[in-house]
Amino acid sequence: MIESGTLNDRIRFLSPVTIRNKYGEQLTSWELSYSCWAGEVWLPNTVSVLVRYTNKIHDRQRIVWNDSTYRIESFNASKKDGSATIIATKIDEGTEKGG
């Protein structure tokens, strides 16, 4: 069970959307798909995020928090206590575009 006051930061989830450009190339863009309250624990180069479980979140999404984007490395849901723990790493926007 998630304790009251544990989830105190607002985070957003982006989902990949694949489109084709005029040359037929597949391009991936990221669109806002969900936002919720979360609690986080910082580890070296990663963040552990605690959220309430929902089927709107999956491991192919990205997280936006404090103007930074994070790749979901692990998504562990617990329907028993209604929580989900996400391990994510920060993306260097200069070296990784789209996918």
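The text that follows walks through the structure, step by step, so that each part is easy to find. Computed from a predicted structure; not experimentally measured.

Section: the sheet that holds strand S5 (residues 68-78)
Here's step 1: The six strands are arranged S1-S2-S3-S6-S5-S4 in a closed barrel whose pairing can be described as antiparallel. In this sheet, neighbouring strand axes are inclined to one another by 45 degrees on average, regardless of whether the strands run parallel or antiparallel.
Here's step 2: Across five bridges, strand S2 (residues 26-43) lies against strand S3 (residues 46-52) in antiparallel orientation. Its bridge partner being in S3, Gly39 is matched across the sheet by Leu50.

What to know about the environment of Phe75
Here's step 1: You can see Phe75 is positioned in strand S5.
Here's step 2: Phe75 sits 21 residues away from Thr54 along the chain, and the two C-alpha atoms are 12 Å apart.
Here's step 3: Other than its neighbours up to four places away in sequence, Phe75 contacts Ile57, Asp59, Ala84, Thr85 and Ile86.

Description of the pairing of S2
Here's step 1: Relative to S2, strand S1 (residues 9-20) runs antiparallel, the two sharing twelve bridges. Along S2, the bridge assignment pairs Ser15 with Glu31.
Here's step 2: The hairpin formed by S1 and S2 contains five residues between the paired strands, and Gly24 there has a positive phi angle of roughly 85 degrees.

Reading guide: rules and limits
- Just so you know, the residues in each chain are numbered from 1, in the order the chain's sequence is written.
- The predicted nature of this model means local features are confined to residues of pLDDT at least 70 and side-chain atom pairs, given and counted, to a pLDDT of 80 or more, with totals for whole chains, interfaces and linings taken over all residues.
- Note that water and hydrogens are dropped before the side-chain values are worked out from all heavy atoms of the structure.
- Strand pairing is assigned whenever DSSP identifies at least 2 bridges connecting the two strands.
- Numbering goes from the N terminus for both helices and strands, where a helix is a DSSP run of H or I of at least four residues and a strand is a run of E of at least two.
- Comment: axis = line fitted to C-alpha atoms, over the contacting stretch for helices; angle = value between 0 and 180 degrees taken between N-to-C directions.
- Should any heavy atoms of two residues lie within 4.5 Å, those residues are counted as being in contact.

Nothing here speaks to function; it is all geometry.
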